[in-house]
Amino acid sequence: MESIVLPSQALHGITPASAPEKTTSSPRRPRLASFSSTRDSSISWGRSHHHGSFLHALGCAGVMVLSPSLVVFYWISLSSFHGSINMAWQLMLEMGPINFFRFYAPRPSMAASIGYGAWLLVQAGLYLFLPSVISTGQLTPAGNLLKYRTNGLLAWFVTHGLFFGLSISGHLDPAILAKNWEGLLVAANIWGFLLASIAYIKAHVSPTHELDRKFSGSILYDMYMGIELNPRLGNTFDFKLFTNGRPGIIAWTLIDFSFIAYQYQLHGYITNTIVISTILHSIYAVDFFINEDWYLRTIDICHEHFGFYLAWGSAVWLPAMYTLQTQYLARNPVALSNLHALMILATGISGYIIFRSVNYQKDHVRRTKGNCQIWGAPAKVLHVKYKTADGLEHNSILLCSGWWGMARHVNYLGDLILSYSMCATCGFEDFLPWTYAIFMTVLLVHRCWRDEERCSMKYGKGWENYCKQVKWVIVPGIY
Ligand code: NDP
């Protein structure tokens, strides 16, 4: 296991970016599989609750059935109803859902399944064998500090370089993903469910870090939210970082480019809207990989366990729903005046600048342990304490100046401005392409609630003080 115990780091002079200092020392407990130790809610950071109630289980089952159905319904609306959810819905009511899905649901295809399998293998190969910086994550609840291969940017360029190289040289139809979207959607769904099941079984029979597991008592909740925090194959193949980044975010822009080619092949031209939408997606995706090290200190890596939510979400929801704008525009071109298009682009980029600079401030202050300047003045930080599962107490800091002094999650505001700009490229004719922005609003507001609850449990009084100093949640002066 690639977990590092802090004293040995001091010995070897390793100072991980965000490694907090220990303030007390007590004998380390052996890391044995222990179901009960992970259920002590007083040291419960990571997942905030141990939801095991019947209602929670039912909710998880509902999401695991409804989300794939929604993805399929959207594909049907796009491919058979010109992107009109309303028309598809009306017909579904007339035919009844079972007949409707039986008639319209995407069919598997051998070629797409083989292609999808090859895509996963190529991405796994790039993850494992491309040269990589080795980055350090954040201390886990059980006191593990993990190393990660963060070579996503190189993988993004290699993948896109191959795609463009093969397309330009005439060896690949660039619209291949768009044309095989039906079969790919089926293959991705099968993989998403398989991966969530593998993660569930692995957590029971061969966990990577036993004390970083959480059990709720409900099979459905555990399946949905995950049990292991950082499941790995061997030392380096990290399920979470790989799945979110590679089949997820690298695919995002590749799919966009394929749908641009599809628009051209269908209509004989490329609209400014599909280009702007792809530029905004590309900024977001490339930014993610440039800052892959930063991602190791976000909620996904530090707190979310690996289950259906992240496995199926990254394998299916992300490529299928985050690309809705280009999928829609390829079939239903919207051309805007240059001024209008530039305004959308400028708004999107301003959202991105907010998003990046807020995230940078937090990362910078944590890396420098508060010894840095924020907006030209020394960073104002609050010193807080938390405990890990081994009973050790640690120090941490919360930034209270710059963006983080204006509201507790302004980064979400930047993300939302960017998301709504992406959708604005599709005009107002149909609701379907706006689903992404609405989803992001729900996701980020809900994430905010979950995060606040978790931080409050982790830092106790320290978090209360922070909330007293910084009153607004996402939008300064409004919410
Ligand atoms: P944050 O990066 O805001 O991380 C929240 C964590 O930061 C808290 O749990 C806490 O963790 C720490 N923290 C909170 N307040 C402070 C503070 N004042 N000073 C220092 N540390 C603090 O949240 P996310 O991980 O959710 O989001 C990261 C980015 O990713 C956001 O911009 C978001 O918009 C984006 N995102 C995008 C998604 C997408 O699908 N497109 C999905 C989710 C997020 P601790 O103290 O334990 O370290």
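Cut-off values and rules
- Residues numbered from 1 in each chain as written.
- Predicted model: local features only at pLDDT ≥ 70, side-chain atom pairs only at ≥ 80, totals over all residues.
- Heavy atoms only, no water.
- Helix = DSSP H or I, 4+ residues; strand = E, 2+ residues; numbered from the N terminus.
- Buried < 20%, exposed > 50% of the residue type's maximum accessible area, 1.4 Å probe, protein only.
- Contact = heavy atoms within 4.5 Å.
- UniProt positions renumbered as here; feature names shortened; annotations may be inferred.
- Near = heavy atom within 4 Å.
- Polar contact = N/O pair within 3.5 Å; in protein donor to acceptor, adjacent residues only side chain to side chain.
- Areas by Shrake-Rupley, 256 points an atom, 1.4 Å probe, with all protein chains shown as cover.
- Nonpolar A, V, L, I, M, F, W, Y, C, P; charged D, E, K, R; others polar.
- 1 Å grid on protein atoms, 1.4 Å probe; cavity = no way out; pocket = protein on both sides within 12 Å on 5 of 7 lines; lining within 4 Å.
- Points joined across faces, edges and corners; volume = space filled by probe spheres on them.
- Expected span 1.5 Å × (residues − 1).
- Axes fitted to C-alpha atoms, helices over the stretch in contact; angles between N-to-C directions.
- Parallel < 35°, antiparallel > 145°, perpendicular 65-115°, else oblique.
- Salt bridge = Lys/Arg side-chain N within 4 Å of Asp/Glu carboxyl O.

Novice: Just to check I follow, could you spell out the overall build of the protein for this structure?
Specialist: A count of helical and extended segments in the protein gives 20 helices and eight strands. Looking at the protein as a whole, 58% of its 479 residues are labelled buried. Look at the contacts in the protein between residues 6 or more apart in sequence, and 77% of them connect residues 24 or more apart.

Novice: Explanation requested: the UniProt feature "transmembrane region" (unreviewed entry) in the protein in the structure shown.
Specialist: The feature "transmembrane region" (unreviewed entry), as given by UniProt, occupies residues 54-76, 116-134, 154-172, 184-201, 269-286, 306-324, 336-355 and 431-449 in the numbering adopted here. Each end of residues 54-76 is marked by a C-alpha atom, and these two atoms are 33 Å apart; helix forms 100% of the span and strand 0%. Annotation note: span residues 154-172, helix share 79%, strand share 0%, distance between end C-alpha atoms 22 Å.

Novice: I'm lost on the site of the ligand in this one. Help?
Specialist: Around the ligand, 28 residues are found, and the nearest of them are Tyr-322, Asp-415, Arg-447, Asp-451 and Tyr-459. Between an oxygen atom of the ligand and a side-chain N or O atom of Asp-415, the distance comes to 2.6 Å. Interatomic distance of 2.4 Å between a side-chain N/O atom of Tyr-459 and an oxygen atom of the ligand. Relative to its free-state accessible area of 920 Å², the ligand is covered by the protein chains to the extent of 95%. Mapped onto the shell around the ligand, the elements with two or more residues apiece are helix H16 (338-367), strand E8 (393-399), helix H18 (410-424), helix H19 (435-459) and helix H20 (461-469). Broken down by element, the residue count for the shell around the ligand peaks at seven residues, all from H19. Along the lines of polarity and charge, the residues of the shell around the ligand split into 16 nonpolar, six polar and six charged.

Novice: Please explain empty space enclosed by the protein as it appears in this structure.
Specialist: Empty space left among the atoms is revealed by rolling a probe the size of a water molecule over them. Using the criterion set out here, one finds five cavities of 30 Å³ or more in the structure. The calculated volume of the second largest cavity comes to roughly 70 Å³. Taken together, Gly-137, Gln-138, Leu-139, Thr-140, Leu-146, Tyr-148, Leu-229, Asn-230, Leu-296, Ile-301 and Cys-302 make up the lining of the second largest cavity. Its residues placed into classes, the lining of the second largest cavity shows seven nonpolar, four polar and no charged.

Novice: What should I look at first to understand H18 in this one?
Specialist: Given 3.6 residues per helical turn, the α-helix brings residues three or four places apart onto the same face. The terminal C-alpha atoms of H18 lie 21 Å apart, and with 15 residues this matches the ideal 21 Å at 1.5 Å per residue to within 8%. Among the 15 residues in H18, eleven count as buried, and that is most of the element. For H18, the full list of buried residues reads Val-410, Asn-411, Tyr-412, Gly-414, Asp-415, Leu-416, Leu-418, Ser-419, Ser-421, Met-422 and Cys-423. Of the surrounding secondary structure, the elements contacted by the buried residues of H18 are helix H11 (272-290), helix H13 (299-302), helix H15 (324-331), H16, helix H17 (403-406) and H19.

Novice: I'm lost on the layout of surface pockets in this one. Help?
Specialist: The calculated volume of the second largest pocket comes to roughly 650 Å³. Taken together, 28 residues form the lining of the second largest pocket, with Gly-115, Trp-119, Leu-177, Leu-184 and Leu-254 sitting closest to its centre. Tallied by class, residues from the lining of the second largest pocket come to 24 nonpolar, four polar and no charged.

Novice: Got a minute to help me understand the packing of helix H2 (residues 54-80) against helix H3 (residues 85-95) in this structure?
Specialist: When two helices pack together, you describe them by how their axes are tilted relative to each other and by the distance separating the axes. Taken N-terminus to C-terminus, the directions of H2 and H3 make an angle of 110°; their axes are 8 Å apart at the nearest point. One finds that H2 runs roughly perpendicular with respect to H3. Between H2, through Phe-73, Tyr-74 and Ser-77, and H3, the contact on the second element is made entirely by Ile-85, Ala-88, Trp-89 and Met-92. Here the contact of H2 with H3 is built from residues that sort into six nonpolar, one polar and no charged.

Novice: Please clarify how the side chain of Asn-244 should be interpreted in this entry.
Specialist: Tracing the sequence through the fold places Asn-244 in helix H10 (residues 239-267). Under the relative-accessibility criterion, Asn-244 is labelled buried at 8%. In contact with Asn-244, not counting residues within four places along its chain, are Ile-249, Phe-288, Tyr-295, Asp-300, Ser-314 and Leu-318.

Novice: Whenever I open this one, the pattern of salt bridges confuses me. Can you help?
Specialist: Oppositely charged side chains can pair when the atoms bearing their charge come close. Summed over the entire model, instances satisfying the criterion amount to 15 salt bridges. Between Asp-173 and Lys-179 there is a salt bridge; the shortest N-O distance is 2.6 Å. Given the relative accessible area of 45%, Lys-179 is considered partly exposed.

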